Amino acid sequence: MSTQSLLSPIMDFLKCKTPDAWIQKAALPENLSQLLIDHCNCELKAAQTAMFLLRKYAVNAESGKLLLAWAKPYEDFVYQKERDIGLFLASRTQKNEAIGELTPKANFATAPDLIAKMVRLIKEEFHHFEQVLALMHARGIEYQNMHAGRYAKGMMKPIRTFEPAALVDKLIVGAFIEARSCERFAMLAPHLDDELNKFYVSLLRSEARHYQDYLTLAEEIAETMLASVKSKKPSKASKPSAKEDIQSRIALFASVEAELISSLDDDFKFHSGMPTDKI
């Protein structure tokens, strides 16, 4: 599949493209370290978010412990004060391995699909974390923890507080974050050196699938919500499709996301908005 084929549905999904000013700033050599450090953190956060969704909604308590054990080496590395990047990378094949079979919660019909999609996503995000860390290590860039930017916080604000609507919204937010990541990888890659160019292009396929997986799960769970409502309130009216049912939520988050991306932002991160300083 060509890059254009991958990006076309994503650009239809997003309400705006990345501002040229952000690309110009991200392409400056003096900003490369900050960009890679934040990208590295983003990969870990993506894995942690997917893992949280599994533990909260989809798996039983014992399976939740398996997930925590899977994440522990990564979290130990990022949260400890003294880090040995070389040692961590040398043992990475032992860290990101199969975790065993996860047991779905019995009362959640979509659990098996959520587990299958999120486990694959987590494996890939952990691997991407390792890849970015290796690039940083080769370039003499030390890993650092970075505070969260306004993007993730802004995307979380409209999430509904009751279930299962909250889960549908969280999945839609996940779709937008992955879609924006894919778009930025594609837009930024031509402005970077050959190694980073090839690396960012190599991420497009998985990021595009992550966006689609989140959106598909949101539609599936919205469908179960509709079925529940219909069973309680019989009606002669035709039942809307799940895709139609969540369009208003997608439109809401699309507007929020576009505002965060296109408005002025004092911070500079992988998902930050329009830079306030002139290039």
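S.K.: I keep staring at the packing of helix α3 (residues 32-58) against helix α7 (residues 111-138) and nothing clicks. Help me out?
M.R.: Helix packing for two helices is described by the angle between their axes and how far apart those axes are. Contact geometry of α3 with α7 gives a least axis separation of 8 Å together with a crossing angle of 160 degrees. Between α3 and α7, the crossing angle belongs to the class labelled roughly antiparallel. In terms of crossing hand, the pair formed by α3 and α7 is left-handed. Taken together, the residues of the contact of α3 with α7 sort by class into 24 nonpolar, two polar and two charged.

S.K.: What should I look at first to understand the packing of aromatic side chains in this one?
M.R.: Each aromatic ring pair is described using two quantities: the centre-to-centre distance and the angle formed by the ring planes. Summed over all chains, the structure comprises 17 aromatic pairs. Both rings, one in F77 and one in F88, keep their centres 4.6 Å apart while their planes meet at 25 degrees; by these two values the pair is stacked. Note that F77 is positioned in helix α4 (residues 61-79) and F88 in helix α5 (residues 85-90), a separation of eleven residues in sequence. Here F77 and F88 have matching classes, each one buried. A ring pair is formed by F88 and F129, whose centres lie 6.1 Å apart and whose planes are at 85 degrees; its orientation type is edge-to-face. A residue pair is termed long-range when its members are at least 10 positions apart, and F88 in helix α5 and F129 in helix α7 qualify at 41 residues. A single burial state applies to F88 and to F129, both of which are buried. Members of the aromatic cluster, each reached through a chain of ring pairs, are W70, Y74, F77, F88, F126, F129 and Y143. Positioned over the ring face of Y57 is K56, at 5.5 Å from the centre of the ring.

Scoring rules and cut-offs
Residues numbered from 1 in each chain as written. Predicted model: local features only at pLDDT ≥ 70, side-chain atom pairs only at ≥ 80, totals over all residues. Heavy atoms only, no water. Axes fitted to C-alpha atoms, helices over the stretch in contact; angles between N-to-C directions. Helix = DSSP H or I, 4+ residues; strand = E, 2+ residues; numbered from the N terminus. Parallel < 35°, antiparallel > 145°, perpendicular 65-115°, else oblique. Left-handed = near helix turned anticlockwise from the far one by under 90°. Nonpolar A, V, L, I, M, F, W, Y, C, P; charged D, E, K, R; others polar. Phe/Tyr/Trp six-rings, centres within 6.5 Å; stacked < 30°, edge-to-face > 60°. Buried < 20%, exposed > 50% of the residue type's maximum accessible area, 1.4 Å probe, protein only. Lys NZ or Arg CZ within 6 Å of the ring centre and 35° of its normal.

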